[in-house]
Amino acid sequence: MKEESGELPGASLVELAALRLTREILGGGTEPGERLVEEQLTRRFGISRAPLREALRLLAQQGLVEHLPRRGVRVAILSDTDIQELYAVRDVLERHAVRSTPPGADLAGVTAAMKAMRAADARADHFEVATAHREFHVAVVALAGNRQLTLTYESILVKIQLYMALNLRREATRARPHDGVHRHERLHEAVRTHDAAAVLEALAEHGARSYLA
């Protein structure tokens, strides 16, 4: 894991520790299966074991870390089957959301997410770019107006982002600059048409499964 020193402020140690760990894991700063050593983390974050363990428990609920009996905590490992299943569930939820979106749905959230993605891409921050991609897709699904669907969908995308973190360096070496933004701009244009068939076609061509190669 990349070292990042600095004591966390005291307002909400659990939340802040969880946010920092999430950024390191989803930003590609750790490898799947890598152990997260409590002594090292408490020293780096300047906190006690209690808030750190609670933060790790929250990340375990999200599927980002795994607690192993008598072996501590490690970054979660996703098998090929896990990844295929996550993408399959994601696809089902997206299709249902698109078909359930009412005509004339307010696109302000989608447009704001697209703007945030362009800004993250301009900063070339891998974690922020991947997070912006996820938030854009969540905004598209949220158009259906089904809160439970959106929450379930977002939980799936967080796990997919864990896998995508492994591909950040590989994609950076083979993809053209701003490819990710351009793909999402095409999807954004389809959403703006309020044409479910066009959105589904754009999603099918989106290229997310290149991460499975």
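Provided above is the structure to which this section pertains.
Keep in mind that this is a model prediction, so the values were computed, not measured.

1. Considering the sheet that holds strand 1 (residues 35-36)
What holds strands together in a sheet is hydrogen bonding between their backbones, with the strands either parallel or antiparallel.
Right, so step 1: In space, the three strands of this open sheet follow the order 1-3-2, with antiparallel pairing throughout. Two strands in the sheet have a free side with no partner beyond their single neighbour: strand 1 and strand 2 (65-68).
Right, so step 2: Bridge count for strand 2 against strand 3 (residues 72-75) is four bridges, and the pairing is antiparallel. What sits directly across from Val-65, in strand 3, is Val-75.
Right, so step 3: In the packing of helix 3 (residues 49-61) onto the sheet, the strands contacted are strand 1, strand 2 and strand 3, and the crossing angle to strand 2 comes to about 110°.

2. Comments concerning the pairing of strand 3
Right, so step 1: The pairing of strand 1 with strand 3 spans two bridges and is classified as antiparallel. Across the sheet, residue Arg-35 finds its bridge partner in strand 3, namely Arg-74.
Right, so step 2: Linking strand 2 to strand 3, which pair antiparallel, is a turn of three residues; within it Arg-70 sits at a positive phi near 60°.

3. A few points about the side chain of Gln-161
Right, so step 1: Turning to its location among the elements, Gln-161 is positioned in helix 7 (residues 147-164).
Right, so step 2: Within the structure, the side chain of Gln-161 is placed 3.3 Å from the side chain of Thr-131, a separation counted as a polar contact.
Right, so step 3: A distance of 2.4 Å separates polar atoms of two side chains, one belonging to Gln-161 and the other to Arg-134.

4. Quick look at the environment of Glu-38
Right, so step 1: Assignment of secondary structure puts Glu-38 in helix 2 (residues 38-45).
Right, so step 2: As for Glu-38 and Leu-56, which are separated by 18 residues in sequence, their C-alpha atoms are 9.8 Å apart.
Right, so step 3: Setting aside its immediate chain neighbours within four residues, Glu-38 contacts Arg-49, Leu-52 and Arg-53.

5. What about helix 3?
Right, so step 1: With 13 residues, helix 3 should cover 18 Å at 1.5 Å per step; its first-to-last C-alpha distance of 18 Å lies within 8% of that length.
Right, so step 2: Regarding helix 3, the residues found buried are Pro-51, Leu-52, Ala-55, Leu-56 and Leu-59. When helix 3 is viewed along its axis, its buried side chains cluster within an angular range of 140° and face the same direction. Away from its buried face, by an angle of more than 90 degrees, helix 3 presents the exposed residues Ala-50 and Gln-61.
Right, so step 3: After helix 3 finishes, the residue Gly-63 shows a positive phi value of roughly 85°.

Cut-offs applied
- Numbers given for residues are sequential positions, taken from 1 along each chain in its written order.
- Residues qualify for local features only when their pLDDT is at least 70, as the model is predicted, and side-chain atom pairs are given and counted only at 80 or more; totals for whole chains, interfaces and linings, by contrast, use all residues.
- With hydrogens and water stripped out, all remaining heavy atoms of the structure feed into the side-chain values.
- A pair of strands is labelled paired if DSSP reports no fewer than 2 bridges between them.
- Numbering goes from the N terminus for both helices and strands, where a helix is a DSSP run of H or I of at least four residues and a strand is a run of E of at least two.
- Contacts between residues were defined by any pair of non-hydrogen atoms, one from each residue, lying within 4.5 Å.
- The convention used is that axes are lines fitted to C-alpha atoms, helices contributing only their stretch in contact, and that angles between N-to-C directions extend from 0 to 180 degrees.
- Whenever a nitrogen or oxygen atom comes within 3.5 Å of another N or O atom, the pair is scored as a polar contact, on the condition that within protein one atom can donate a hydrogen and the other can accept it, and that pairs from neighbouring residues in sequence are kept only if both atoms are in side chains.
- Take the number of residues in a helix, subtract one, and multiply by 1.5 Å to get its expected span.
- Buried residues are those whose accessible area, probed at 1.4 Å on protein chains only, stays under 20% of the maximum for their type, while exposed residues exceed 50% and partly exposed ones sit between those limits.
- By arc we mean the arc of the directions from the helix axis to the C-beta atoms, nothing more.

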